[in-house]
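Structure at a glance
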Amino acid sequence: MNALGNLAHHWAIGLLRLPGGYQPYPVSLRDIERDTAWALTVFERIGIERGKPAHLIGTGCDNEILWPYENALIRMNVPFGVAEPVAIDAPRTDMFLRRFAMQAVIGLTAEIVDELVALGRDLGALLAHSTLVALPDAAPTLRAHGLAPWTMVPIGPIYAFESAARDGARYDQSEWLIEDDDGQLLLTSLAPRACPFVRLRTGMAGRIELGQAGDGSARVVHLAA
Amino acid sequence: MPPGNRRYLEPVEILPRDALLRLQDTRLLAMIAYASERSAFVRKLWSAAGLRPADIQSARDFTQRAPLMDKDQMRAYREEHDDPFCGLLCIDPSDVSFMGSSSGTTGDPTLFSYRWGRDDGNLPAAPGLPQDGPSSYWGGTLRDWWEIGLRPGDYAIYFGLRMRGPMFRLLQELGATPVMLGYGTDDLHQFIDLSRRYRPTLFYAMTAYLGVGLQEIERTMGVDMNDVFASYKGILFAGEPVGPRLRQTFERWGLAGKIFNQTSFGDIGHAHDCREHDGCHAWEDIGVAEIVDPVTGAPIEGDGRGELVVTSLVNPVDPLIRYRGGDIVDMKRGLCGCGRTHARFNPVGRNADEVIVDGRSILPMDVWGAIEDVPETSNGLFQLVRPTRVLDRLTIRVGYAGEPQLASLNRRVADSVEAAIGLRPVIELVPNAAILQSGSRHKIPRTVKQ
């Protein structure tokens, strides 16, 4: 065994939490590198700038999904502070937002947003100067407070990102194919990933819109209302 | 990386004591000069003490003359100067990669900042681990996990939170594949399946919360935990040590001698016990480890009990200089049975967890075993009620399982604690879930204000 062990093929073993049950899956170094390249394009589209701090919220059990985004921030020289996406960790997010002019807050969940409100924070004052990227469960509350978040949509082991214009979520079409079937999004890997997926039933309700979007995306995801 | 049959990851682990202290002196004087020039907090503190870096010529000068610092001072600086880094940052803020933070149990969390060692974060490099530089403040963790037996090609279970940094990268730094799990009940069932499939060698990090869940799975489903844990060389408890009864449970599952304690090396890194289980190694090429009187702050020479004081030697980002974090430890400086020459310590408790009742000091560890000895409270889920440090009476909130007769249980728990410490406590019984919900799932707050 060399010093790097199995990392090229088994960089990590993740755990997909799907409606039909849990599914362990390996992630390779190649997968991470490809996902990092995608994350860089996402952050460029969102408008993340070098040298300015950002806040990234995510859970430690999803490291294999989150690391490409962290890795992209590192490559972009964006200092980032981290917190968990649960209510009990909201004071940490609160600390970061009070003490830094965060250019972006990525991964906001309903639990965090609700707890910030419970802490007496004015969401508008706390978040208005940041680009917000929220999970689907947090977006309505943020909009109700006059904010215009991007949405990051979990679809199995990946995220698709929809702009504040709400014109459908884009995903990495060089690696994945997303279809809809009876109102549910299905995920298929197109590239040689460590764990191939074929029409994985993600449990996420939505539909696919075909055709050339304004940015060249052939397929965009629309979540069910 | 050395051959897998070597016990030590790095030669410095067994450096003769006199050579180790010379290395420490060299690094210390360089760090004092560095931090005094770049850290606004250190400059202010030392200026107030009338001390210049040139006044310090040796480690002895340092421990006798340099001022102590603590978290209250850091927070005061943060508020006074509106500086989220508490005046500690020695590099340009835009050069920081990752900002972790403290648990925040005593106030607004404070930051631990990291700069990546290499540009390409995909490589199995942990933050702050430059290939050609000195050992980083996380380098000690690599040595400790190697000592436990983690080797390239192994799998390791990773139940980790993210607030202190991407610790899973350290597993990868040693060539091991992390198996990512979370704190949901279903994840514990997955842990059992994944342990049988991948046969991991390390579990990071076990907690009372997870231990309670595993016992319940064994009880209700008859899972053979000896088989589940058959491949493990080490189970790491982090955040708080394993309680006496839970330890017995893990030993029954075939893990005798394989239970390790990860504790804080005074906030400049981690310390773990080695396979000799005779104290957690304080890596003295990474930090200076002292003990002082918790009340007066006076240095305590040699071995014994005191408050841990640490100084970063290799952290170029936000070094702590004579930092007292409130950890009470038993320090030992003799050669360890494993052959390592560095100091080691056993954590006894935290200043912030101590209550004084009838002039007597009581720490959570003092009552832990007594509570676990009562069957209905054997999960060891309890909290000292500590509105103030000095109290007229000791009150303990204790979690119970099932639906016991509460008056009888209350009396038996009080009897057990009284037999252990000679003080009769007031016991407040609550269901286990109430205690588990009172903190994050990796760590139960062992004291509460009310």
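Residues numbered from 1 in each chain as written. Chains lettered and ligands numbered in written order. Predicted model: local features only at pLDDT ≥ 70, side-chain atom pairs only at ≥ 80, totals over all residues.

1. A closer look at the overall build of chain B
Counting its regular elements, chain B contains 13 helices and 20 strands. The C-alpha atoms of chain B give 22 Å as radius of gyration, which agrees with the globular expectation for 450 residues (22 Å, within 12%). Expressed as lengths along the three principal axes of its C-alpha atoms, the size of chain B is roughly 65 × 55 × 40 Å. Evaluated residue by residue, chain B yields a buried proportion of 49% over its 450 residues. (Helix = DSSP H or I, 4+ residues; strand = E, 2+ residues; numbered from the N terminus. Rg over C-alpha atoms; globule rule 2.2 N^0.38 Å. Buried ≥ 20, exposed ≤ 12 C-beta atoms within 10 Å, placed from the backbone.)

2. Some thoughts on the overall build of chain A
Helices and strands together make up the secondary structure of chain A, namely 6 helices and 13 strands. A globule of 225 residues ought to have a C-alpha radius of gyration of about 17 Å, and chain A, at 17 Å, matches this closely. The principal-axis extent of the C-alpha atoms belonging to chain A is close to 50 × 45 × 35 Å. A burial count over chain A gives 51% of its 225 residues as buried. Summarising the internal contacts of chain A: among those between residues at least 6 apart in sequence, 54% fall at separations of at least 24. (Contact = placed C-beta atoms within 7 Å.)

3. So, the sheet that holds strand β11 (residues 304-312) of chain B
All names here are of chain B. Across the sheet, which stays open at both edges, the 5 strands sit in the order β9-β13-β12-β11-β10 with antiparallel pairing between neighbours. Of all the strands in the sheet, just β9 (280-281) and β10 (287-292) have a single pairing partner and so form its edges. Two strands pair when backbone bridges link them, and β10 and β11 are joined in this way by 6 bridges, in the antiparallel orientation. Residue pairing in the sheet places E290 in a bridge with V309 of β11. (Pairing = 2+ DSSP bridges.)

4. Re the interface of chain B and chain A
Every contact between the two is made by 41 residues of chain B and, on the other side, 40 residues of chain A. Sorting the residues of the side of chain B that touches chain A by element identifies β1 (98-101), α6 (168-173), β4 (177-181) and α7 (185-198) of chain B as the ones contributing at least two each. Split into classes, the residues belonging to the side of chain B that touches chain A amount to 21 nonpolar, 15 polar and 5 charged. Of the strand pairs in this sheet, strand β4 (residues 80-83) of chain A and β1(B) are connected by 2 bridges, and their pairing is parallel. Along β1(B), the bridge assignment pairs F80(A) with F98(B). (Nonpolar A, V, L, I, M, F, W, Y, C, P; charged D, E, K, R; others polar.)

5. A word on the packing of helix α11 (residues 364-372) of chain B against helix α12 (residues 406-421) of chain B
Residue and element names in this part refer to chain B. Interaxial distance between α11 and α12 falls to 8 Å at its minimum, and their mutual angle equals 135 degrees. Compared by their axis directions, α11 and α12 come out oblique. Along this stretch, α11 crosses α12, giving a crossing that reads as right-handed. Contacts between α11 and α12 pair D366, V367, G369, A370 and I371 from the former with V413, S416, V417, A419, A420 and I421 from the latter. Here the contact of α11 with α12 is built from residues that sort into 8 nonpolar, 2 polar and 1 charged. (Axes fitted to C-alpha atoms, helices over the stretch in contact; angles between N-to-C directions. Parallel < 35°, antiparallel > 145°, perpendicular 65-115°, else oblique. Left-handed = near helix turned anticlockwise from the far one by under 90°.)

6. What to know about the domain arrangement of chain B
Residues and elements named next belong to chain B. If you check the domain split of chain B, you get domain 1 (11-120 + 279-351), domain 2 (149-264) and domain 3 (354-448). When each unit is reduced to the centre of its C-alpha atoms, the spacing between domain 1 and domain 3 is 33 Å. Opposite the 4 residues of domain 1 that make contact, domain 3 presents 5 residues. Class assignment for the residues of the side of domain 1 that touches domain 3 results in 1 nonpolar, 3 polar and no charged. (Domains from an automatic or database assignment.)

7. Structural notes on the nonpolar core
Among the nonpolar cores identified, the biggest contains 186 residues, and A156(B) and Y158(B) are the most heavily contacted of them. For this core, the element with the most residues is helix α2 (residues 63-75) of chain A, which contributes 7 residues. Sequence-distant contacts of Y158(B), that is, excluding residues within four places in its chain, are made with F168(B), L171(B), P178(B), V179(B), M180(B), L181(B) and Y204(B). (Core = buried A, V, L, I, M, F, W, Y, C linked by C-beta atoms within 7 Å.)

8. Here's the deal with helix α3 (residues 90-99) of chain A
Most of α3(A) sits inside the fold, with 7 of its 10 residues counted as buried. Within α3(A), burial applies to A90(A), R92(A), T93(A), D94(A), M95(A), F96(A) and L97(A).

9. A closer look at the pairing of strand β5 (residues 104-108) of chain A
Residue and element names in this part refer to chain A. Among the 5 residues of β5, 5 are classified as buried, and the element is accordingly described as predominantly covered. As defined by bridge partners, strand β3 (residues 54-57) adjoins β5 across 3 bridges and the pair is classed as parallel. What sits directly across from L56, in β5, is I106. Relative to strand β6 (residues 131-134), β5 runs parallel, the two being bridged by 4 bridges. When the bridges of β6 are listed, V105 appears paired with L132.

10. Concerning the pairing of strand β10 (residues 176-181) of chain A
All names here are of chain A. With 6 bridges connecting them, β10 and strand β11 (residues 184-189) associate as antiparallel partners. Residue L177 lies in a different strand from β11, and its bridge partner there is T188. Linking β10 back to β11 in an antiparallel pair, the connection comprises 2 residues, with D182 at a positive phi of about 55 degrees.

11. Topic: the sheet that holds strand β15 (residues 360-362) of chain B
Consider a sheet: its strands pair through backbone hydrogen bonds, and that pairing is either parallel or antiparallel. All names here are of chain B. Reading across from one edge, β15-β14-β17 is the order of the 3 strands in this open sheet, with mixed pairing throughout. Looking at the sheet topology across the chains shown, the edges are occupied by β15 and β17 (390-391). Looking at chain direction, strand β14 (residues 355-357) and β15 are connected through 3 bridges and run antiparallel. Paired with V357 across the two strands is R360, which belongs to β15.

12. Some details on the packing of α3(A) against helix α4 (residues 110-118) of chain A
All names here are of chain A. In contact at an axis separation of 9 Å, α3 and α4 are set at 70 degrees when each is read in the N-to-C sense. Between α3 and α4, the crossing angle belongs to the class labelled roughly perpendicular. On α4, the residues touching A90, T93 and D94 of α3 are I112, E115 and L116. When its residues are assigned to classes, the contact of α3 with α4 shows 3 nonpolar, 1 polar and 2 charged.

13. Structural notes on the environment of C86(B)
With respect to the element layout, C86(B) can be found in the loop between α4 (71-81) and β1. Ignoring anything within four residues of it in the chain, the contact list for C86(B) reads F41(B), M74(B), Y77(B), R78(B) and T110(B).

14. Focus: the confidence of the model for chain B
Residue and element names in this part refer to chain B. With 94% of its residues at a pLDDT of 70 or more, chain B has an overall mean of 89. At the level of individual helices and strands, chain B shows its lowest average pLDDT in helix α13 (residues 432-436), which scores 85, and its highest in helix α9 (residues 225-228), which scores 98. Note that pLDDT drops below 50 for residues 119-135; the model gives that stretch 43 contacts with residues more than four away or on any other chain. Scored as a whole, the predicted complex attains pTM 0.91, and scored at its interfaces, ipTM 0.95. (pLDDT = per-residue confidence, 0-100.)

15. Considerations on unusual backbone geometry
Residues and elements named next belong to chain B. Going from Y204 to A205, the amide bond is cis rather than trans, its omega being 0 degrees. Its identity as a non-glycine residue notwithstanding, D82 has a phi of 50 degrees, on the positive side. For D82, the location among the structural elements is in the loop between α4 and β1. Within the chain, D358 stands out as a residue other than glycine whose phi angle is a positive 55 degrees. With respect to the helices, strands and loops of the structure, D358 is situated in the loop between β14 and β15.

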